[in-house]
Amino acid sequence: MVYKDVDRLKQRVPELDAVAPMLMGRGGTAYYGDQKTNPTMHGSVPEVAKIMEPKMYYGRYLNDMDIKEQRKVCVIGKKIYKDLFKEGGDPCGKKIRVDSTYYEVVGVDYSSGGISIGGRSEERITIPITLMQAVFNRGNAIDIIAATGRPGVIMS
């Protein structure tokens, strides 16, 4: 699938409410100071929050400017937070390194269970999809399109 498929889906299926592309990838190793962990990486868009409903413990989810400007920001899952920030406290504004790339933490998602697309949410680092396309040389490809129906619409 390619990014334009999202627009095609929105145009051709008016019964859909939220439609969001996602990219999946192996994260390698994430570091903060002398702490490290092995996350999964997700490239995402703000609209995913309408589908997967993150439970923000600190900070915020990705926003439109993060996507537009390919900001090197991330939202980290609960396990990533606990592995990297053993002292606790708000990690927002701090930088973590995943392999050789640094990302500023803008939020901590404490979601667990529920929808598990491409790995558990606790073990995920979510970055803007546009940044993941560039950093991981993914071009215009996408791995998953998540969607929800408008209220009152039976999806079958």
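These numbers were taken from a predicted model, which means no experiment stands behind them.

Participant: Help me get a handle on the packing of aromatic side chains, residues and values and all.
Facilitator: In total, this model carries 6 aromatic pairs according to the counting rule given. With a centroid separation of 4.3 Å and an interplanar angle of 35°, the aromatic rings of Y32 and F85 are classed as tilted. Residue Y32 is found in strand β2 (residues 30-32), and its partner F85 is found in the loop between α4 (78-84) and β7 (95-98); the two are separated by 53 residues along the sequence. On the accessibility criterion, Y32 (23% relative accessible area) is partly exposed. Between Y58 and Y81, the aromatic rings sit 5.8 Å apart at their centres with planes inclined by 55°, giving tilted as the arrangement. Here the residue Y58 occupies a position in strand β5 (residues 56-59), and Y81 occupies one in helix α4, the gap between them amounting to 23 residues. For Y58, a relative accessible area of 21% translates into the label partly exposed. The class of Y81 is buried, set by a relative accessible area of 5%. In textbook terms, an aromatic cluster arises when at least three aromatic residues are bridged by ring pairs, as seen for Y32, Y57, Y58, Y81, F85 and Y110. Positioned above the aromatic ring of Y31 is the side chain of R97, whose terminal nitrogen or guanidinium carbon lies 4.2 Å from the ring centre.

Participant: Run through the pairing of strand β8 (residues 101-109), naming residues and quoting values.
Facilitator: Here β8 lies mainly inside the structure; 7 of its 9 residues are buried. In terms of strand pairing, β5 meets β8 through 3 bridges, oriented antiparallel. What sits directly across from G59, in β8, is G107. In this sheet, β8 lies alongside β7 in antiparallel orientation, the contact comprising 4 bridges. In the sheet register, I96 faces β8, and the bridge partner there is Y103.

Reading the values: the criteria
Residues numbered from 1 in each chain as written. Predicted model: local features only at pLDDT ≥ 70, side-chain atom pairs only at ≥ 80, totals over all residues. Heavy atoms only, no water. Phe/Tyr/Trp six-rings, centres within 6.5 Å; stacked < 30°, edge-to-face > 60°. Helix = DSSP H or I, 4+ residues; strand = E, 2+ residues; numbered from the N terminus. Buried < 20%, exposed > 50% of the residue type's maximum accessible area, 1.4 Å probe, protein only. Lys NZ or Arg CZ within 6 Å of the ring centre and 35° of its normal. Pairing = 2+ DSSP bridges.

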